[in-house]
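# Chain and residue survey
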Amino acid sequence: MADVAIVGGGILGLSLALRLAEAGHAVQVIEGAPGLGGLAAPQALGEFTWDRYYHVILESDRALVGLIAQLGLADRIAWGTTRTGFFTDGRFHSLSSSLDFLRFPPLSLVDKARLAGTILRASRIADGEALESIPVEQWLVRWSGRHTFERIWRPLLEAKLGVNWTRVSAAFIWAIIARMYAARRSGAKRERFGYLDGGYATLLSALRADLERRGVRIHTGSAATEVRVVGAEVVVARGAAPPVTATQAILTVPCPAVTRLCPALTDAERARLGRVHYQGVICASVLLDRPLAGYYVTNITDPGFPFTTVIEMTALVAPATFGGHTLAYLPRYCPADDPWWARSDDEIWEDLLAGLRRLYPDLPATAVRHHVISRAREVQALPTLHYRRDAVPSVETSLGRVHVVNSAQIVNGTLNSNESVALANAQAAALLPRFA
Ligand SMILES: Cc1cc2nc3c(=O)[nH]c(=O)nc-3n(C[C@H](O)[C@H](O)[C@H](O)COP(=O)(O)OP(=O)(O)OC[C@H]3O[C@@H](n4cnc5c(N)ncnc54)[C@H](O)[C@@H]3O)c2cc1C
């Protein structure tokens with residue numbers, strides 16, 4: 001049996017810890033933040049607590065729902081039908097049903113038929129590898145036409161990726177379409193989402209308790225500062241805190257952190273890790289004393305807004321959870337060099353509030369009871385052209401006892417917790433025979 005040190009206490013690191021502990025290994029988790037959960041961690045918003053970033057569960061999220069069930073929380077998932085809106089040409093449009101789609105004014109019937117054909121085509125592709133050699137614009141223009149690309153796809157790509165959209169392959173949009181299509185698989189083609197009562201905090205605390213029962217040692221609030229192999233051991237230095245020693249280490253942190261933590265990696269390994277580029281997010285959580293337009297997602301295709309989407313969480317989560325208030329998120333997806341990273345929270349909020357009031361002119365500034373700005377720089381690895389061939393990081397390293405299992409290895413899907421849990425399950429199964 002091995003002693004395994006897992007660096008990173010997000011959903012991925014914790015799921016790996018569970019699978020390895022189940023197999024009888026001695027596991028330690030090293031998390032830099034004061035609490036567990038990473039991108040899925042909770043935060044306080046006034047007197048309420050909810051996920052720092054918005055999360056929904058899909059019925060097709062087999063690995064995630066399996067984990068939730070394993071922890072005895074299956075009956076804590078609430079499912080609901082939600083609506084999707086578009087803010088286009090200065091107006092809200094519902095795009096929540098086939099009828100809405102037929103009525104959607106910005107596109108002609110021919111455009112709509114081609115758009116529907118694009119979505120169907122994407123939903124039938126099982127593996128996105130062949131799409132990795134095609135620039136996203138080329139693929140979308142080919143199947144949807146130039147007009148629909150400019151009116152719908154391009155604003156959506158800009159909303160998700162900013163200027164980085166030109167760098168990604170068609171595999172990016174394929175993965176998003178496939179996930180959204182899965183959410184609407186029911187006969188009525190209505191979007192069905194779920195959430196955990198109490199948010200991800202419910203999952204994280206049950207997972208932590210389960211891990212601790214299995215003897216997993218969890219260290220929070222002490223970031224790993226270096227990972228090196230010394231003889232038959234891996235030493236994870238933690239600044240002034242005592243180092244953690246193990247026989248194997250798994251790093252679940254983003255690629256730039258892997259490079260920083262492991263100075264003994266080869267130049268070729270550093271170069272490959274350096275080919276993974278990340279998209280970040282600056283996101284406001286806002287508690288309001290009245291609802292917005294009632295769409296879970298509002299995609300904004302008009303230019304000039306400081307955020308790219310509005311997520312009205314209480315269109316899904318019972319408003320009673322927040323004392324009858326409305327919880328909304330205002331995300332702005334940012335590339336690494338976005339000047340917004342250098343702005344203060346107050347400057348950011350001033351712009352976001354102005355954007356919110358432009359979108360909902362009847363909303364007074366006094367309707368906002370609380371807001372919090374969250375930032376994460378390395379959220380999603382960009383699926384750049386030939387991603388698998390040129391960039392996806394390898395699990396094995398030249399350090400032997402040090403392995404990398406991180407979200408940049410999600411290749412046939414978009415970043416979401418289900419993919420994180422599925423990756424952990426698959427990589428634990430692959431590593432277990434080597435740790436025996
Ligand atoms: C805006 C947004 C919306 C999302 N919406 C959804 C959704 O609707 N549905 C869904 O399923 N998923 C959603 N996700 C994705 C989901 O949050 C991620 O898939 C998941 O949380 C990723 O987990 P992870 O463990 O790979 O990474 P992370 O959560 O980033 O975990 C990595 C951990 O490593 C820690 N760390 C970093 N460096 C060190 C160090 N040196 N030492 C120790 N620890 C370190 C970090 O603090 C962090 O806790 C969303 C994410 C975002 C940002």
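Whatever comes next refers back to the structure up there.
Reference entry: report on the structure contained in this document. Because the structure is a prediction, the values reported are computed rather than measured.

Most of strand β17 (residues 326-335) is tucked away, with ten of its ten residues classed as buried. Here β17 shows a buried face lined by Thr326, Ala328, Leu330, Arg332 and Cys334 and a second buried face lined by Leu327, Tyr329, Pro331, Tyr333 and Pro335. Here strand β16 (residues 309-312) runs beside β17; their pairing, made up of two bridges, is antiparallel. Residue isoleucine 311 lies in a different strand from β17, and its bridge partner there is tyrosine 329.

In this section: the pattern of salt bridges. In total, this model carries 21 salt bridges according to the counting rule given. Across the pair aspartate 338 and arginine 332 runs a salt bridge whose closest N-O atoms are separated by 3.7 Å. Under the relative-accessibility criterion, aspartate 338 is labelled buried at 11%. For arginine 332, a relative accessible area of 18% gives the class buried. With its nearest N and O atoms 2.8 Å apart, the salt bridge here joins aspartate 390 to arginine 389.

Next up on the list: the packing of helix α5 (residues 136-144) against helix α6 (residues 146-161). The interhelical angle for the contact between α5 and α6, taken along N-to-C directions, is 140°, at an axis separation of 9 Å. Judged on the interaxial angle alone, α6 and α5 are oblique. The handedness of the crossing between α5 and α6 comes out as right-handed. The segment α5 lies against α6, with Val136, Glu137, Leu140, Val141 and Ser144 engaging Arg146, Thr148, Phe149, Trp153 and Leu157. Looking at the contact of α5 with α6, its residues break down into six nonpolar, two polar and two charged.

A few words on the site of the ligand. Neighbouring the ligand are 28 residues, the closest being Glu31, Leu39, Tyr54, His55 and Ser417. The contact in question runs from an oxygen atom of the ligand to an N or O atom on the backbone of glycine 38, over 3.4 Å. Between a nitrogen atom of the ligand and a main-chain N or O atom of tyrosine 54, the distance comes to 2.8 Å. Bound to the protein, the ligand loses 87% of the 1000 Å² it would expose on its own. Those elements that place two or more of their residues in the shell around the ligand are α1 (11-22) and α13 (417-435). Of the residues that constitute the shell around the ligand, the class distribution is 16 nonpolar, ten polar and two charged.

If you look at the biggest cluster of nonpolar residues, it comprises 42 residues, and the most contacted ones within it are Ile6, Leu20, Ile68, Leu203, Leu211, Ile250 and Val405. The leading source of residues in this core is α1, at eight residues. Excluding its chain neighbours within four sequence positions, the residues that come into contact with isoleucine 250 are Val4, Ala5, Ile6, Val7, Leu16, Leu20, His403, Val405, Leu431 and Phe435. Within the second largest apolar cluster, 29 residues are counted, among which are Val236, Ala246, Val258 and Val404.

Moving on to the sheet that holds strand β14 (residues 278-288). Read across the open sheet, the seven strands follow the order β7-β6-β15-β16-β17-β14-β18; overall the sheet is mixed. Of all strands in the sheet, those with a lone pairing partner are β7 (91-94) and β18 (368-381), marking the two edges. Averaged over all pairs of adjacent strands, the angle between strand axes in this sheet comes to 20°, irrespective of strand direction. Contacts from α6 reach β6 (84-88), β14, β15 (297-300) and β17, with the element oriented near 105° to β6. Along the sheet, helix α11 (residues 345-359) makes contact with β6, β7, β14, β15, β16, β17 and β18, crossing β18 at roughly 105°.

Before going further, it helps to examine the sheet that holds strand β10 (residues 226-230). The strand order β10-β11-β12 describes an open sheet built from three strands, whose pairing is antiparallel. Across the chains shown, the open sheet's two edge strands, defined by having one partner strand only, are β10 and β12 (241-246). Geometrically, the sheet is characterised by an average inter-axis angle of 25° between neighbouring strands, direction not taken into account. Both β10 and strand β11 (residues 233-238) contribute to a ladder of five bridges, which runs antiparallel. Bridging from a neighbouring strand, valine 227 pairs with valine 236 of β11.

Rules used throughout
- Residues numbered from 1 in each chain as written.
- Predicted model: local features only at pLDDT ≥ 70, side-chain atom pairs only at ≥ 80, totals over all residues.
- Heavy atoms only, no water.
- Buried < 20%, exposed > 50% of the residue type's maximum accessible area, 1.4 Å probe, protein only.
- Helix = DSSP H or I, 4+ residues; strand = E, 2+ residues; numbered from the N terminus.
- Pairing = 2+ DSSP bridges.
- Salt bridge = Lys/Arg side-chain N within 4 Å of Asp/Glu carboxyl O.
- Axes fitted to C-alpha atoms, helices over the stretch in contact; angles between N-to-C directions.
- Parallel < 35°, antiparallel > 145°, perpendicular 65-115°, else oblique.
- Left-handed = near helix turned anticlockwise from the far one by under 90°.
- Contact = heavy atoms within 4.5 Å.
- Nonpolar A, V, L, I, M, F, W, Y, C, P; charged D, E, K, R; others polar.
- Near = heavy atom within 4 Å.
- Polar contact = N/O pair within 3.5 Å; in protein donor to acceptor, adjacent residues only side chain to side chain.
- Areas by Shrake-Rupley, 256 points an atom, 1.4 Å probe, with all protein chains shown as cover.
- Core = buried A, V, L, I, M, F, W, Y, C linked by side-chain atoms within 4.5 Å.

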